[in-house]
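Take a look at the letters that make up each chain.
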Amino acid sequence: MPLCAECVEHHDLDCLRLAELQLKLEQVQQLQANAEIVNVLKFLLLREHAQMHPRYEDLLKMEAHLTRRRDTEIWRTYQKQVIEPLQSVGLLLQLRNGSEIDEELLQRMLGIADINGFEIRAPESGSSMRGVYLRAGLFAHSCVPNVVAAIDEQHRIKLYANRSIAAGEILYNCYTNIMLGTEERRQILKIGKCFDCQCVRCLDPTELGSHMSSFVCSHCAGGYIVRQPDSNAWQCLLNPEHTLKPEFVASVVERAKEEVFHARDDIYRLELLLAKLGRLLHGNHYIMLDLKQNIASILRQILQNMAHRPSRKVYERKIRLCQEILLVLKVLVPGISRLKAIALYELANTQAELARKLFSEQEHNAADLLGELQQTEVMMRESLRMLLYEPICTPEGQLARNMLRELKELQNDMKVLQQPNDDLIN
């Protein structure tokens, strides 16, 4: 039973080599059950083919942080779920110089994939996988990156500057989710990438003024409690004597995450939770932003279904949420950003639809509608400018294509409203 049956995605040499392996059906199923085994197999297959050996050697030179990972939970997990299965089915001994493939080498391969891997979204399946790129993996990390990565349907990576970069300035990619708070981002980077982030955002208690981790101070009007960098102390910015215990902060965050999870897809529960947590968390706290994104997503579905006959308040609520999210994104990613582009498009689209609705209901005249559509055009052009860097196969690339069509329709509407002989504006 070949490990790579009916495969249409791998290299011919890989498929032929996998088909030669002497494995039973249950052994193949055991190996296929863990995705991390696939990562190791890709390294091992490079090792098998003489013509691919230079690439294999280059990959092995990449950072793996073996010393820091040794005897950690992830090391032990890989030992049990990846290395022991590979050893038990006898696969390694069937490979070239198989006796030389020891635990250290396999852990190095797994470490290289973890430390240097880029997430690749598969449009055809909606799932994701990881890719290791020799040169792209050399970029340093910052939670305020000046470089953006985009990967196309052929798994080719493109990195481009998201803003003007001065000569001699270090190029930074972001290895984690910028929409998380500092403690969460640093924990992910510590576990997955084996370093403590010391970027400007992580060292700023207010996260560059975004307050994505801040708590409301119950004693000070307009006061916020933040965690001091490289310490476990939570103090009010207005009065350092007002503090929160770290255990309380952790408890609130975990409980809030659980409540958000259970409230998903229920807009009424989400709105109530937003109001409830607003008494404890800053309005820009990453959990509050997550709630706002969830609510905006549900509102989008409501607005797209005209059978709901959405009122003006529904449009205005979504517009306000998009504006609040954009204010934070402009701080975190002042340059080109797919997240900012999508939020800007959602704002522009909703604003235009509301303007058309009010015009059709004769609450606004043609001049009002034209003014709103002109504002919408500016926002859509800015959003489109940022999305044009995205490969067409990605959801963002498809959105850019749709926006081109919508922008053309918008411009046609504006031309009609601007016709000099048309008395609608009077």
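The following refers to the structure shown. Just so it is clear, the structure is predicted and the values come from calculations on it, not from any experiment. (Residues numbered from 1 in each chain as written. Predicted model: local features only at pLDDT ≥ 70, side-chain atom pairs only at ≥ 80, totals over all residues. Heavy atoms only, no water.)

### Some thoughts on the packing of aromatic side chains
Next up, step 1: Under the counting rule described, the total for this entry stands at four aromatic pairs.
Next up, step 2: The aromatic ring of Phe261 is capped on one face by Arg264, whose charged end is 4.0 Å from the ring centroid. (Phe/Tyr/Trp six-rings, centres within 6.5 Å; stacked < 30°, edge-to-face > 60°. Lys NZ or Arg CZ within 6 Å of the ring centre and 35° of its normal.)

### Comments concerning helix 11 (residues 267-277)
Next up, step 1: Ile267, Leu270, Leu273, Leu274 and Leu277 are the residues of helix 11 that are buried. Angular distribution of buried residues about the axis of helix 11 spans 125°; they occupy a single face of the element. Residues of helix 11 that are exposed and angled more than 90 degrees away from the buried face: Tyr268 and Leu272.
Next up, step 2: For helix 11, the secondary structure elements touched by its buried residues are helix 10 (246-263), helix 12 (286-304) and helix 13 (312-332). (Buried < 20%, exposed > 50% of the residue type's maximum accessible area, 1.4 Å probe, protein only. Helix = DSSP H or I, 4+ residues; strand = E, 2+ residues; numbered from the N terminus. Arc of directions from axis to C-beta. Contact = heavy atoms within 4.5 Å.)

### Concerning the sheet that holds strand 8 (residues 224-227)
Next up, step 1: Across the sheet, which stays open at both edges, the four strands sit in the order 7-8-9-10 with antiparallel pairing between neighbours. Of all strands in the sheet, those bounded by a partner on one side alone are strand 7 (215-216) and strand 10 (243-244).
Next up, step 2: The pairing of strand 8 with strand 9 (residues 234-236) spans three bridges and is antiparallel. Residue pairing across strands places Arg227 opposite Trp234, the latter belonging to strand 9. (Pairing = 2+ DSSP bridges.)

### Observations concerning the nonpolar core
Next up, step 1: Within the largest apolar cluster, 75 residues are counted, with the highest numbers of intra-cluster contacts made by Phe215, Leu277 and Ile287.
Next up, step 2: One finds Leu46, Leu59, Leu60 and Met109 within the second-largest nonpolar core, a separate group that totals 35 residues. (Core = buried A, V, L, I, M, F, W, Y, C linked by side-chain atoms within 4.5 Å.)

### Things to note about the side chain of Thr376
Next up, step 1: One can find Thr376 in helix 15 (residues 366-387).
Next up, step 2: The residues touching Thr376, leaving out its near neighbours within four places in the chain, are Ala348, Gln351, Ala352 and Leu410.

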